[in-house]
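# A closer look at the structure
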Amino acid sequence: MNNKRIIAAILIGTALAAGAIVWSTRSGHDDHADEAGHTENDSHGHTAQAPANAAEVAAAAKQDDHDDHDDDHGKEGGDQIAFSAEQIRSAGVVVADAALSEMASTLALPGEIRFDADRTAHVVPRAAGVVQTVSVRLGQQVSRGQLLASISSAAVSELRSEAQAAQQRLVLARENHARERALWDERISAEQDLQQARSALREAEIGAANATQKLNALGAGPQGGGSLQIRAPFDGVVVEKHIALGEMVREDTAVLTIADLRSVWAEIDIPASALDTVRVGAAVTVKASALTSSASGKIAYVAALLGEQTRTAKAHAVLANPGGAWRPGMFVTVDVASGAPRQVLAVPEDAIHTLEQRNVVFVATESGFKAQPVRTGRSQGGRTEIVDGLQPGQRYAAVNAFMIKAEMGKSSAEHAH
């Protein structure tokens, strides 16, 4: 009994000791885990925050640097470019002083290039018939007298037959007159017979001449049967063609239009308020947006009446067109001299360029050039009036200014990159 109690006490004591050891071990592990977790949280929290702050600082620094660079570029001037004296020489840029020049007072009117009506022909057959041949094509250059087409015409055939009969009657009348003349000279026939022969001869001559004139009026000769040839009235270009093989044409059909384009008309509409200014003989300068060149001429005609609908008067100036650059149908601006010349600030047209949808002139600075916005006025003789933005005496790029614009564009592209 006592032994059992002793054994039980030993077992209980052992169990209590083991429980105390286990409790102590778990408590220490939890404390260590708490301490480690605290340290890890602090460490991870600090590490996560540091990279985030570093990225923000780097981005902010980069943005500040970019902003500073943009500010510096703006201070240099997005419209300015450094250009050394050596660059100016190598680029062929010529710097000049802005100065006044004489420019005539003008009135700008809209106009249109037209055929010169004095050198335009609407070719008609002059006799009805069927087209046999067509010898030209649209746009072809032709010479005076050149064969354009031929038609078969019954009317021409009849006229040629009539002309031949008239010629035969004329031959017989001449023979009869000669015989009667000889008989009268020999006192064989009466003078009355000679007079009748003379009268018949005159009638035959008139009939033959009349038949020939009818053929000449149609442009047809005495030979050729019923064929009628259509020929060019002068040197020019075939600008319209309304004829084809086998086609039946009337005598008044305009089958071809020939125009001499070595001269054209600049036709303008003059408002009633400008009729006192635009007069015959006034000098004009014609310009077209489609062409870089201009042409000079004089007003050749001003209509005496106003249009009922437009309330404007028609006028035209004759322009020389040796190269054919001024094409009929082209819209133009006609500057009509309207007063005495006056002094204006003007620069060569090539000195004005477009930058960011603004007209600019490259003004010289200490380090290069600056794109100076300007407001332009009239252009005349290769020079353009500067209404605002440039002062007399300012130095600017007058020749090869496009080299400066190209260099400015190159610098902008490198900056954007």
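As a reminder, the structure under discussion sits directly above these lines.
The structure presented is a predicted model; accordingly, all values stated were derived computationally and were not measured.

Take the sheet that holds strand E18 (residues 342-348) next. Strand order in the open sheet formed by 4 strands is E3-E18-E23-E22, with antiparallel pairing between adjacent strands. With partners counted over all chains shown, the strands left at the sheet margins are strand E3 (99-103) and strand E22 (375-380), one partner each. This sheet shows a mean twist of 55 degrees between the axes of neighbouring strands, independent of strand direction. Note that E3 and E18 share 5 bridges and pair antiparallel. Within E18, the position partnered with Leu-100 by the bridge is Leu-345.

Glancing now at the nonpolar core. In this structure, Val-142, Leu-148, Leu-228, Ile-230, Leu-256 and Ile-258 are the most contacted members of the largest nonpolar core, which totals 32 residues. Mapped onto this core, the elements with two or more residues apiece are strand E5 (120-123), strand E8 (147-152), helix H3 (154-185), helix H4 (191-217), strand E9 (227-231) and strand E12 (256-259). Among the elements that make up this core, the one with the highest residue count is H3 (6 residues). Sequence-distant contacts of Leu-256, that is, excluding residues within four places in its chain, are made with Ala-121, His-122, Val-123, Val-136, Leu-148, Val-238, Glu-240, Lys-241 and Ile-243. The next biggest cluster of nonpolar side chains, apart from the first, holds 22 residues, and it includes Leu-109, Ala-288, Trp-326 and Val-334.

To continue, consider the pattern of salt bridges. Considering all chains together, one arrives at 15 salt bridges under this definition. Put simply, Asp-260 and Arg-119 hold a salt bridge, and the shortest N to O gap is 3.2 Å. Taken together, the residues Asp-260 in the loop between E12 and strand E13 (263-271) and Arg-119 in the loop between strand E4 (106-115) and E5 connect sequence positions 141 residues apart. Residues Glu-162 and Lys-214 are paired through a salt bridge, measuring 3.6 Å at the closest nitrogen-oxygen approach. One end of the pair, Glu-162, is in helix H3; the other, Lys-214, is in helix H4, with 52 residues separating them in the sequence. By sharing partners, the salt bridges in this structure join Glu-112, Arg-114, Glu-267, Asp-269 and Lys-314 into a single network.

Pairing is antiparallel in the closed barrel, where 6 strands are placed in the order E4-E13-E16-E15-E14-E17. Taking each pair of neighbouring strands and ignoring which way they run, the sheet shows an average axis angle of 40 degrees. Note: strand E15 (residues 294-302) against strand E16 (residues 312-320), 4 bridges, orientation antiparallel. Among the inter-strand pairings, Val-302 is bridged to a residue of E16, identified as Ala-315.

Mapping Glu-102 onto the fold places it in strand E3. Once the C-alpha coordinates of Glu-102 and Ala-346 are considered, the two residues, 244 residues apart in sequence, prove to be 8.7 Å apart. Sequence-distant contacts of Glu-102, defined by excluding residues within four places in its chain, comprise Pro-341, Arg-342 and Gln-343.

What follows covers the packing of aromatic side chains. Overall, the coordinates contain 1 aromatic pair when judged by the stated rule. Consider the rings of Phe-83 and Phe-369, whose centres lie 5.8 Å apart with planes at 70 degrees: the pair is edge-to-face. One end of the pair, Phe-83, is in the loop between strand E1 (80-82) and helix H2 (85-91); the other, Phe-369, is in strand E21 (residues 368-373), and 286 residues separate them in sequence. In this structure Phe-83 comes out as buried when scored by relative accessible area, which is 8%. Judged by its relative accessible area of 1%, Phe-369 is buried.

The next point concerns unusual backbone geometry. Backbone geometry places Arg-126, a non-glycine residue, at a positive phi of 75 degrees. Relative to the elements of secondary structure, Arg-126 occurs in the loop between E5 and strand E6 (129-134). The phi dihedral of Gln-357 falls on the positive side, at around 60 degrees, and the residue is not glycine. With respect to the helices and strands, the residue Gln-357 is situated in the loop between strand E19 (352-355) and strand E20 (358-364). Classification of Gln-357 as exposed rests on a relative accessible area of 79%.

Bringing H3 into the picture now. Helix length check: H3, at 32 residues, gives a terminal C-alpha distance of 47 Å against a target of 46 Å (1.5 Å per residue), a fit within 8%. Every buried residue belonging to H3 is among Val-156, Leu-159, Arg-160, Ala-163, Ala-166, Leu-170, Ala-173, His-177 and Glu-180, and all of these are buried. On its buried face, H3 sits against H4 and E9. For H3, the N-terminal cap is Ser-153; the gap from its side-chain oxygen to the backbone nitrogen of Ala-155 is 3.3 Å. With its phi angle positive at about 60 degrees, Arg-187 sits one or two positions after the end of H3.

Conventions and cut-offs
Residues numbered from 1 in each chain as written. Predicted model: local features only at pLDDT ≥ 70, side-chain atom pairs only at ≥ 80, totals over all residues. Heavy atoms only, no water. Pairing = 2+ DSSP bridges. Helix = DSSP H or I, 4+ residues; strand = E, 2+ residues; numbered from the N terminus. Axes fitted to C-alpha atoms, helices over the stretch in contact; angles between N-to-C directions. Core = buried A, V, L, I, M, F, W, Y, C linked by side-chain atoms within 4.5 Å. Buried < 20%, exposed > 50% of the residue type's maximum accessible area, 1.4 Å probe, protein only. Contact = heavy atoms within 4.5 Å. Salt bridge = Lys/Arg side-chain N within 4 Å of Asp/Glu carboxyl O. Phe/Tyr/Trp six-rings, centres within 6.5 Å; stacked < 30°, edge-to-face > 60°. Expected span 1.5 Å × (residues − 1). Polar contact = N/O pair within 3.5 Å; in protein donor to acceptor, adjacent residues only side chain to side chain.

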